[in-house]
Every structure is written in structure tokens, then in C-alpha cells.
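Geometric and topological summary
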Amino acid sequence: MLTLLQADPTQFPDLPAEVDSYHELFPVEAMPSAGGLHKPHMGYQASMYKATHIKTGIHYCLRRIHGFRLSNTKCMAFVELWKKLSHSNIVQLKEVFTTKAFGDNSMIFVYDYHPGCETLLSRHFSPDQSGYSDPFINDTSTPRPYSYQKNNLLRHTQNNKLPEPLIWNYIIQLTSALRVIHSSALACRSLDPTKIIINSRNRLRLSCLGVMDVVMHETNSTINHVTLIQHYQQEDLTSLGKLVLALACKSTVAVQRENMSTALDLVGRTYTPDLRNLIMYLLASQQRRSVTDLMPMIGARFYTQLDLLHQHADSLDDELSKEVQNGRLFRLMVKLSMINERPDFNMESTWSETGDRYMLKLFRDYVFHQVNEDGNPWLDMAHVVQCLNKLDVGTPEKISLISRDEQSVLVVSYAELKHCLEQSFGELANSSMLHHDLSGTTIVPE
Ligand SMILES: Nc1ncnc2c1ncn2[C@@H]1O[C@H](COP(=O)(O)OP(=O)(O)OP(=O)(O)O)[C@@H](O)[C@H]1O
């Protein structure tokens with residue numbers, strides 16, 4: 001449903017009808033009020049839109065960096081690397097281009113669209129979650145007493161403690177993404193709770209990938225970014241440590257330098273030593289760290305995660321197999337409906353009422369228009385499903401089809417009915433201009 005949302009032109013008069021190969025733009029987040037500015041994003045204003053690809057109809061997420069001129073195309077090498085990177089915990093980058101469609105020079109990053117996601121910040125650190133609002137937050141000049149910070153953090157951790165298995169679940173997903181990113185000689189550079197999206201099943205995805213490489217390359221073109229990658233990768237690991245610490249304390253205040261040791265104490269008291277050790281390792285920025293060193297720390301929790309994923313995949317398989325059956329019956333019903341009571345075909349007004357088609361018409365009555373002894377409608381889904389399945393298979397079982405005036409009875413097998421259906425649909429398909437079925441595959445009339 002979310003993918004079908006369309007913007008109301010009166011509400012968003014400034015939205016262009018088309019941007020490069022995309023149309024039907026819809027702001028993913030509230031647009032700033034008239035005269036207001038979008039939030040700054042590494043020095044640039046940024047906004048997010050859902051959009052539809054004009055040719056394929058596929059939905060994408062466009063991240064627009066306002067007022068950005070690309071004068072150096074060297075950074076596009078990073079874009080190519082990001083485009084090739086595919087992983088279940090990252091939002092796939094599709095393409096990057098510049099556009100004047102918004103009336104300025106904008107840079108557009110096109111990503112896969114994941115409907116119904118929110119950011120990790122809004123899931124776990126939103127201001128309306130009890131205990132998050134910090135009375136000092138709006139007045140940075142007011143000194144924050146140490147005891148206040150400590151008590152506040154204590155209150156947070158005790159009242160809003162996230163279950164430890166959930167935190168390890170996040171760690172496994174995030175390290176999994178970092179592992180492929182770092183092994184592709186790239187760095188995430190935006191590992192913070194506003195740039196990680198999460199769906200209702202706790203699947204995390206790193207978003208905004210590649211933006212820093214383009215924007216920072218541009219503003220700092222003298223620096224050789226390739227030589228800095230290792231440095232950025234180390235920063236990713238520090239950011240991961242901060243993120244896990246913030247999650248464990250359920251507070252972004254925990255990662256402020258002056259609160260860190262209190263926060264680590266709290267983690268030690270609230271969670272297993274393994275979690276604290278992992279955070280300590282990640283925050284030890286004076287030593288060289290690697291994402292692969294985290295694997296032994298995760299240990300057997302990995303198997304738990306794998307088992308949960310397999311269970312989920314099994315339940316999806318079950319659901320999918322039901323849908324496959326539904327699809328099969330749906331196609332059968334479409335064929336029947338296309339034949340039954342067709343007003344005319346090849347100038348023949350009685351085509352659907354004679355021969356094979358007459359039997360199919362009586363069969364339609366037999367399946368869908370049964371009545372009970374009192375003449376009232378008899379609505380039995382199991383009867384419908386059973387009949388359609390027998391028709392699809394073409395069983396030798398015979399049924400009696402009664403004419404509407406009840407003057408004649410035709411005894412016919414499902415195999416014969418199936419033959420009638422295929423013959424009649426074949427005639428229709430042969431004379432239609434488009435020899436395609438509803439799934440887009442060519443119909444070869446039998
Ligand atoms: N690929 C995506 N598919 C669907 N929704 C997304 C996608 N990427 C981000 N979003 C959603 O778009 C919204 C805005 O994302 P954005 O990255 O701008 O976060 P933000 O919290 O507004 O951070 P910032 O203030 O730094 O821009 C968020 O609600 C996020 O859940």
C-alpha cells in the first residue's frame with residue numbers, strides 16, 4: 001500500500017513531474033514548511049522521496065542533495081563500487097545523477113525502496129519514548145551535573161532495557177554489512193541511528209551509502225580518499241561501538257564523551273560481560289581493529305540467528321506454496337471468465353453459448369451458482385476449490401450438469417471439461433493480438 005502513495009500536486013506544488021527516469025515523486029518525510037529549510041546533511045540540505053521508474057514501474061527511494069555541483073567526477077569510481085555491492089543488510093545503491101529538475105543543481109542518489117521502514121533512531125531513541133527527553137537538551141549552556149547524568153542514564157537503562165538477544169541480533173546484522181563493505185575496500189562512513197533503517201521484523205539496513213564518498217570528495221578534493229579508507233573503516237568500528245553502547249543504555253546521551261565510562265559501567269551491570277567486552281574492543285580506537293575479530297565475540301549467538309532465519313524462511317515457504325496454488329486457480333478462473341458469456345467472438349453472437357462453451361457455462365453454474373434444497377444460495381468455498389482443482393488436473397470423474405431450464409442433463413468428465421476449456425481459450429488466444437497471458441509469458445494454445 002505504501003508503495004502506491006501518490007503526492008497531491010496542490011500540497012506539493014514544487015515537486016517536479018519527472019526527474020530523469022523517475023516520476024510520481026512522493027516525500028518520504030514531512031516537507032519543511034513554507035520558507036523553512038530542509039535539514040542540513042554534511043553541509044548540504046537533503047530530502048528523501050519515493051519515486052517510480054518510468055519504464056519499469058519499480059519504486060525507488062531518491063535522496064536529493066540540494067544545491068550540489070559535481071565538478072570532479074573522480075568520486076564516481078566510488079559510486080560504481082557501491083552499485084556492485086549487494087547485501088541483505090544494506091540499502092542497494094542503483095544510480096547517481098545530477099539534475100536541474102528541482103530548479104537548482106541537485107545530486108540524486110537512487111536506492112532500493114523499503115516501504116514501512118523507520119530509522120533505528122526513531123525505533124529506539126525517539127523523544128516520545130518515556131525517559132528519553134532530557135531537560136538539559138534545549139539549554140546547552142546549563143552545566144549538567146555528573147550525578148544527574150549518571151542517574152538519568154541509570155533510569156534509562158533500568159526502565160527501557162532492550163533485551164540482550166535483540167542487541168546481538170543487531171550486532172550480527174551490522175557486522176555482516178560492515179564485513180562486505182570493508183572487504184570491498186569501502187567504508188560506510190554514516191553508521192549512525194539516523195542512517196540505519198529497520199522494518200517490522202527487525203531487519204536492519206545501512207542507508208545513505210556512497211553519499212559521503214561523493215560529497216566529501218567534492219568539498220575536500222585535495223585529499224586522497226583511497227589512502228584514507230582504512231582510517232574511515234576504523235571510524236566505522238568506533239561508530240559501531242558507540243551505537244551498541246547507546247542501544248544498551250537506550251540513550252544517545254550515553255555516547256557523549258563525559259558519559260561514556262558511566263555508560264560502560266551500566267552495561268557491565270545490566271548485560272553479560274561479552275557485550276561490554278565487544279563495546280570496549282570497538283571503542284579502543286588507539287588499537288587497530290577489524291570486523292573479523294568480532295566473530296569470535298559473537299560466537300554461538302550466530303547459530304541462534306541462523307536458526308531463527310531458517311524458521312522464518314520455512315514459514316515464508318509455506319505461505320508461498322499456498323499463493324502458488326491460489327495463482328493456479330486464479331488463472332483458471334480468468335480463462336473461464338474470458339470465455340463464459342462473451343458477447344460476441346469473430347462476429348458470432350452465440351459463440352459462448354454453443355458447443356464446448358455451453359458445457360463450460362453449465363459448469364460455471366455448477367461451481368458457483370449451487371442452491372440448497374430450499375432454493376437458497378449454497379456458498380461453499382471448499383466445493384469451489386475442489387471443482388477447480390479437478391478441472392485443472394482433468395480427472396476422469398464425471399459430474400451431471402443441468403441446463404438452466406432443467407430440461408436436460410449433460411454427464412461430463414472433468415477431463416472433457418478441461419479439453420473444452422483449453423480448446424475455447426486457445427481459439428480466443430489465437431485471435432487476440434497479444435498472445436500473452438496475465439503473467440507476461442507467451443501462451444501457446446494447445
Ligand atoms: N531506502 C529506503 N526505503 C524506504 N524508506 C527509507 C529509505 N531510506 C530512508 N528511508 C526513510 O526516510 C526517512 C528519512 O531518512 P533520512 O536518512 O533522511 O533520515 P533522517 O532521520 O531524516 O536523518 P537526517 O536528519 O540526517 O536526514 C526515514 O524515515 C527513513 O526511515
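Residues numbered from 1 in each chain as written. Predicted model: local features only at pLDDT ≥ 70, side-chain atom pairs only at ≥ 80, totals over all residues. Heavy atoms only, no water.

1. Comments concerning the overall build of the protein
Assigned secondary structure in the protein consists of 13 helices and 12 strands. Taking contacts inside the protein between residues at least 6 apart in sequence as the whole, the part at least 24 apart equals 62%. Roughly 24300 Å² of accessible area belongs to the protein as shown, and the carbon and sulfur atoms make up 54% of that amount. (Helix = DSSP H or I, 4+ residues; strand = E, 2+ residues; numbered from the N terminus. Contact = heavy atoms within 4.5 Å. Areas by Shrake-Rupley, 256 points an atom, 1.4 Å probe, with all protein chains shown as cover.)

2. Structural notes on the nonpolar core
With 73 residues, the main nonpolar core has Phe109, Ile181, Leu206, Leu245 and Leu275 as its most contacted residues. Among residues more than four places away in sequence, those in contact with Phe109 are Cys61, Leu62, Arg63, Ile65, Leu93, Glu95, Val96, Gly210, Val211 and Val214. Counting 24 residues, the second largest nonpolar core, distinct from the first, contains Trp351, Leu360, Leu388 and Leu417. (Core = buried A, V, L, I, M, F, W, Y, C linked by side-chain atoms within 4.5 Å. Buried < 20%, exposed > 50% of the residue type's maximum accessible area, 1.4 Å probe, protein only.)

3. Some thoughts on the sheet that holds strand β8 (residues 118-119)
Strands sit in the order β8-β9-β10 across an open sheet of three strands; the sheet is antiparallel. Looking along the sheet, the strands with just one partner apiece sit at the ends: β8 and β10 (204-206). With two bridges connecting them, β8 and strand β9 (residues 196-198) associate as antiparallel partners. Within the sheet, the bridge partner assigned to Thr119 lies in β9 and is Ile197. With respect to the sheet, helix α4 (residues 164-183) is in contact with β9 and β10, its orientation differing from that of β10 by roughly 30°. (Pairing = 2+ DSSP bridges. Axes fitted to C-alpha atoms, helices over the stretch in contact; angles between N-to-C directions.)

4. Details of the packing of aromatic side chains
This model, assessed by the stated rule, comprises six aromatic pairs. When the ring of Tyr22 is compared with that of Tyr60, the centres are 5.9 Å apart and the planes differ by 90°; the resulting orientation is edge-to-face. Placement of the pair is Tyr22 in strand β2 (residues 22-27) and Tyr60 in strand β5 (residues 59-65), with a sequence separation of 38 residues. Relative accessible area serves as the criterion here: at 2%, Tyr22 is assigned to the buried category. Ring geometry for Tyr49 against Phe102: centres 5.5 Å apart, planes inclined by 25°, an arrangement best described as stacked. Of the two residues, Tyr49 sits in strand β4 (residues 44-53) while Phe102 sits in the loop between β6 (93-99) and β7 (106-112), which places them 53 residues apart along the sequence. (Phe/Tyr/Trp six-rings, centres within 6.5 Å; stacked < 30°, edge-to-face > 60°.)

5. Notes on the side chain of Thr175
One can find Thr175 in helix α4. Residue classification places Thr175 among the buried residues on the basis of a relative accessible area of 7%. With residues near it in sequence (within four places) discarded, Thr175 still touches Leu240, Val291, Leu294 and Ile298.

6. Examining the packing of helix α11 (residues 355-368) against helix α12 (residues 381-393)
Viewed as axis vectors pointing N to C, α11 and α12 meet at an angle of 145°, and their least axial separation amounts to 8 Å. Across the interface between the two elements, Phe363, Tyr366, Val367 and Phe368 from α11 touch His383, Val384, Cys387 and Leu391 from α12. For the contact of α11 with α12, the per-class residue count stands at seven nonpolar, one polar and no charged. (Nonpolar A, V, L, I, M, F, W, Y, C, P; charged D, E, K, R; others polar.)

7. Let's talk about the UniProt feature "coiled-coil region" (unreviewed entry) in the protein
Per the UniProt record, "coiled-coil region" (unreviewed entry) is annotated on residues 300-338. Structurally, residues 300-338 is divided into 97% helix and 0% strand, and its ends, taken at the C-alpha atoms, are 57 Å apart. (UniProt positions renumbered as here; feature names shortened; annotations may be inferred.)

8. Remarks on the confidence of the model for the protein
Within the protein, residue pLDDT values average 85, and 82% of them lie at 70 or more. Predicted confidence for residues 33-38 stays below pLDDT 50, and this span has eight contacts to residues more than four positions away or in other chains. Below pLDDT 50 for its whole length, residues 128-146 participates in 25 contacts with residues either more than four positions away or in separate chains. Here the prediction assigns the complex a pTM of 0.78, and the interface score ipTM is 0.96. (pLDDT = per-residue confidence, 0-100.)

9. Topic: the environment of Ile399
Mapping Ile399 onto the fold places it in strand β11 (residues 398-402). Residue classification places Ile399 among the buried residues on the basis of a relative accessible area of 5%. The spacing of Ile399 and Val411 is 12 residues in sequence and 5.7 Å in space, taken between C-alpha atoms. With near-sequence residues (within four places) excluded, Ile399 lies in contact with Phe363, Tyr366, Leu410, Val411, Val412, Tyr414 and Leu417.

10. Things to note about the UniProt feature "binding site: ATP" (unreviewed entry) in the protein
UniProt's entry tags Arg63, Asp112, Tyr113, His114, Pro115, Gly116, Cys117, Glu118, Thr119, Thr194 and Lys195 with the feature "binding site: ATP" (unreviewed entry), counted in the numbering of this structure. Mapping Tyr113 onto the fold places it in the loop between β7 and β8. Mapped onto the secondary structure, Gly116 falls in the loop between β7 and β8.

11. A word on the pairing of strand β12 (residues 409-413)
Relative to β12, β11 runs antiparallel, the two being bridged by five bridges. Considered in β12, the bridge of Ile399 is made with Val412. With antiparallel pairing between neighbouring strands as the criterion, β11 and β12 make up a hairpin whose turn holds six residues, including Glu406 at a positive phi of roughly 60°.

12. Digging into the pattern of salt bridges
Pairing between side chains becomes possible if they bear opposite charge and their charged atoms approach one another. Scanning the model with the defined rule gives 15 salt bridges in all. Measuring nitrogen to oxygen at the nearest pair gives 2.9 Å for the salt bridge that ties Asp274 to Arg301. With Asp274 in helix α8 (residues 273-283) and Arg301 in helix α10 (residues 301-339), the pair connects residues that are 27 residues apart, well separated along the chain. The class of Arg301 is partly exposed, set by a relative accessible area of 23%. Put simply, Asp365 and Arg364 hold a salt bridge, and the shortest N to O gap is 3.4 Å. On the basis of relative accessible area, Asp365 is assigned to the buried category, the value being 12%. The exposure class assigned to Arg364 is buried, which follows from its relative accessible area of 15%. Taken together, the shared-partner salt bridges connect Glu341, Arg364, Asp365 and Arg404 into one network. (Salt bridge = Lys/Arg side-chain N within 4 Å of Asp/Glu carboxyl O.)

13. Quick notes on the environment of Tyr49
Judged by its relative accessible area of 1%, Tyr49 falls in the buried class. Each C-alpha atom, one on Tyr49 and one on Leu15, is 9.9 Å from the other, the two residues being 34 residues apart in sequence. One polar contact links Tyr49 to Ser47, side chain to side chain, over a distance of 3.4 Å. (Polar contact = N/O pair within 3.5 Å; in protein donor to acceptor, adjacent residues only side chain to side chain.)

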